[in-house]
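Fold and geometry: a report
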Amino acid sequence: MTLRQVLDVLWKRKWTIVAVIAIALVTAVAYLQLRTVSYQSAGIVRLNSAVTQAALAGEIGGISVELDADVVTSAAVLDPAAASLGDTSDELASAVLVEATSDERLVRITVSAQGPTPDVAQSRVQAVLVSYQAYVDAQMASALTSLQDRQQDAIAEVRNIQAQLEAAPGDPIANVNLATELSKMTSATGAIEVLTNAGTSNTTVVAGPYPGELTVPTPLVILSLALLTGLVIGVAIVLIRDQFDDRLRGEDEVEALTGVRSIGELSWDRKLGRLDPPLPVAHNERTDLSERLRTLRSNLAVSLPARGAAFVVTSVEPGDGKSFVSANLALAWARGGKKVILVGGDLRRPNLGRYFGDAADGEGLSDILEEHEDGADLAVGSVESRLNSTRYRRLTILPSGAEPAEPADLFATPILGSLILQLRTLADIVIIDSPPAIGITDAALLAAHTDGAIVLASANRTDRGRLVETIDALRAAGTEVIGVVVNRSRRKLPKSYASYYLADEKDVSRTPSLSPVPSAVGPVSRSEMDDEEAPLRRSRVGTGEATDDGQLDDEFLDESFEDFDDFDDEDDLAAEELSTGDAPEHADAESDLSGSAARGDSAAPSHDPQTPRVRE
């Protein structure tokens, strides 16, 4: 993956990363609330030279002393310190640590202690230092007293021996005893002089205890580590998940996966659920979705003939939006000035009724195929009589008809090619809404008699492997795959694009929405006209037959054409002419019709033999 692809994945999954970071921070906060906080303080005491020698040798002048670092944690030192603090000796012993360092002359002892607060830690160190100093002073005073006593004893003994030698100068035993006592006296005197010369202070505190410092990381450090850990883990989860997630991400992956170009990416629009029927191209409000549907129409127009084009709309799996795209493409082309026939080719689960109501119901494709299942020639009237008009000009529908026992067997009959060929002669565009292509042969059988098929896939839903399998299945059946349309994309328009191309809400409020209008090829029911609150009359155009509501006169024909021409999407028509290089043929016919009505010509407009009739 390139750096840009990695960043795209991280941005698409940013909420997963945020969730992991939030979990890490919550865990850190919980730890901070539950942990035991302790503080540590320390102090350093230095022993003078005499005490250092005594501590290292364990004696001074022959008098044993205990002055090493281990004495600090003994009961002789800790008991007085604990008593002064109000603590127990065991509690103080568990909180105190001692470390001794020495050089050639002096010994330094570092005493550290922990406590629940900075002051407690400081006071414990202070109490231990004071107790240790008192202990050393007591030891040295006791040693000095013992040396002085030994010195006095030695002096007295020397005097006794000297008296003996005066009486018996040659006594060898007396001479030996005199030498021994003189040595004791000299040793004691030397030790006393050492203690005396060392000064009055046996110990010196060179670093007093300070207020305790935290022995655990600070909350800022813990929260920072939690944030960093959550970020790293979140990024790792997202990247690993992306590597194992085989769903289609967008149209930029289509061609690399299938070898088929992407001809459009339709955005997900949360407002679509409030439209009834869900036909965004039927409204003058320009949204991202409606603009992309028109772009899809223009892209398809480049690949299709200018007249008599036919193609199949299928999908990878149910729910990808094939019927939605079929219905909106048909209406977009009709608004662009093309005669359009929308065929309900999904005989298993027809869904066009959601978009066009009763116009998508009744006899249709399956009935025609069953009638000619024996190989009889296809009569022109059998197709035209089953074309239903819609509430939109230039758009008619061939319903699915009754559900057959096995749709694939019907589509395999030779008459299907003749039927689609006849539909081509009746319209500029024939759009066939077919079942999903994967696992079902209906789409391939229908597409075999058309200019090709477009395949619908859903972003972040369609499995990449299934998309490839669908394309391969269609190609294996000899179907020309025109392209892939990625539906439900969450890719947003840049703000600059939205502000320039999409209509502002205030502008939309001043623009009349496209009201459904009666088609020029068939009847519209009274209920449909009542919904529009317009006193429209219904009639078969060009037949000269009057209905129960009367005949469509020239004045009404003139007014209706003028009114609805104002609402046509001129941009759609211009785009269609540019893409196909051919202006709609029936536009001139409508102008002539409108002009003759304005001149008051009595001659009724002649019926175009290619204009499909609808059944009563």
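Quick caveat, the model's predicted, so the values are computed rather than measured.

So, how was this worked out
Residues numbered from 1 in each chain as written. Predicted model: local features only at pLDDT ≥ 70, side-chain atom pairs only at ≥ 80, totals over all residues. Heavy atoms only, no water. Patch = residues over 30% accessible without salt bridge, like charges linked within 9 Å, V, L, I, M, F, W, Y side chains within 5 Å. Areas by Shrake-Rupley, 256 points an atom, 1.4 Å probe, with all protein chains shown as cover. Salt bridge = Lys/Arg side-chain N within 4 Å of Asp/Glu carboxyl O. Helix = DSSP H or I, 4+ residues; strand = E, 2+ residues; numbered from the N terminus. Polar contact = N/O pair within 3.5 Å; in protein donor to acceptor, adjacent residues only side chain to side chain. Contact = heavy atoms within 4.5 Å. pLDDT = per-residue confidence, 0-100. Core = buried A, V, L, I, M, F, W, Y, C linked by side-chain atoms within 4.5 Å. Buried < 20%, exposed > 50% of the residue type's maximum accessible area, 1.4 Å probe, protein only. Axes fitted to C-alpha atoms, helices over the stretch in contact; angles between N-to-C directions. Parallel < 35°, antiparallel > 145°, perpendicular 65-115°, else oblique. Left-handed = near helix turned anticlockwise from the far one by under 90°. Nonpolar A, V, L, I, M, F, W, Y, C, P; charged D, E, K, R; others polar. Pairing = 2+ DSSP bridges. Phe/Tyr/Trp six-rings, centres within 6.5 Å; stacked < 30°, edge-to-face > 60°. Lys NZ or Arg CZ within 6 Å of the ring centre and 35° of its normal.

Focus: a nonpolar patch on the surface
Residues L228, L231 and V232 make up a contiguous nonpolar surface patch of about 270 Å² in total accessible area. Note that V232 resides in helix α8 (residues 219-244).

Let's talk about the side chain of N487
Among the secondary structure elements, N487 is positioned in strand β15 (residues 481-489). One polar contact links the side chain of N487 to the main-chain carbonyl oxygen of D320, over a distance of 3.0 Å. Setting aside its immediate chain neighbours within four residues, N487 contacts L266, D320, G321, L456, A457, S458 and A459.

Digging into the confidence of the model for the chain
On average, residues of the chain carry a pLDDT of 79, and 79% of them reach 70 or more. Below a pLDDT of 50 lies the segment residues 503-616, which in the model reaches 170 contacts outside its immediate sequence neighbourhood of four places, other chains included.

Overview of the nonpolar core
Formed by 39 residues in total, the largest nonpolar core has its most connected members in L300, F311, L329, W333, F356, I431 and I454. Ranked by residues supplied to this core, first place goes to helix α11 (residues 322-335) with nine residues. Among residues more than four places away in sequence, those in contact with L300 are I263, F311, L329, W333, I454 and I482. By size, the runner-up hydrophobic cluster in this structure holds 36 residues, among which are L47, V51, L78 and V125.

Thoughts on the packing of helix α2 (residues 14-34) against α8
Two numbers describe how α2 lies on α8: the axes approach to 8 Å, and their chain directions differ by 150 degrees. Relative to α8, α2 is oriented roughly antiparallel. Crossing of α2 against α8: the hand is right-handed. Its residues assigned to classes, the contact of α2 with α8 comprises 19 nonpolar, three polar and one charged.

Quick look at the side chain of S290
Here S290 lies in helix α10 (residues 288-303). You can call S290 buried: its relative accessible area is 0%. The residues touching S290, leaving out its near neighbours within four places in the chain, are P280, V281 and E285.

Describing the packing of α10 against α11
Two numbers describe how α10 lies on α11: the axes approach to 10 Å, and their chain directions differ by 75 degrees. With respect to each other, α10 and α11 are oriented roughly perpendicular. Residue-level contacts link L289, L293, R294, L296, R297, L300 and A301 of α10 to F324, V325, N328, L329, A332, W333 and R335 of α11. Classifying every residue of the contact of α10 with α11 gives ten nonpolar, one polar and three charged.

Thoughts on unusual backbone geometry
Omega for the bond connecting D276 with P277 falls within 30 degrees of zero, at 0 degrees, which places this linkage in the cis form. For P277, the position within the fold is in the loop between β8 (262-267) and α10. Positive phi, normally seen in glycine, also occurs at N460, with a value near 60 degrees. Among the secondary structure elements, N460 is positioned in the loop between β14 (453-458) and α18 (464-476). For N460, a relative accessible area of 29% corresponds to the partly exposed category. For R488, which is not glycine, the phi dihedral falls at a positive 60 degrees.

Points about the pairing of β14
In terms of burial, β14 is largely enclosed, as six of its six residues are buried. What you see with β14 is no split at all: A453, V455 and A457 on one side and I454, L456 and S458 on the other are buried throughout. In terms of strand pairing, strand β9 (residues 309-315) meets β14 through four bridges, oriented parallel. By the bridge assignment for β14, S315 is matched with L456.

What to know about the packing of aromatic side chains
Inspection of the entire model under this criterion finds three aromatic pairs. Residues F311 and W333 carry aromatic rings whose centres are separated by 5.9 Å and whose planes lie at 55 degrees to one another, so their mutual orientation is tilted. Taken as a pair, F311 in strand β9 and W333 in helix α11 lie far apart in primary sequence, 22 residues in all. What makes W333 buried here is its relative accessible area of 1%. Pairing F324 with Y355 gives two aromatic rings, centres 6.5 Å apart and planes at 50 degrees, and the pair type is tilted. With F324 in helix α11 and Y355 in helix α12 (residues 353-356), this pair connects stretches of sequence that are 31 residues apart. Assessed through its relative accessible area of 8%, F324 is described here as buried. Judged by its relative accessible area of 5%, Y355 is buried. A cation over an aromatic ring shows up here: K14 above the ring of W11, its NZ or CZ 4.2 Å from the ring centre.

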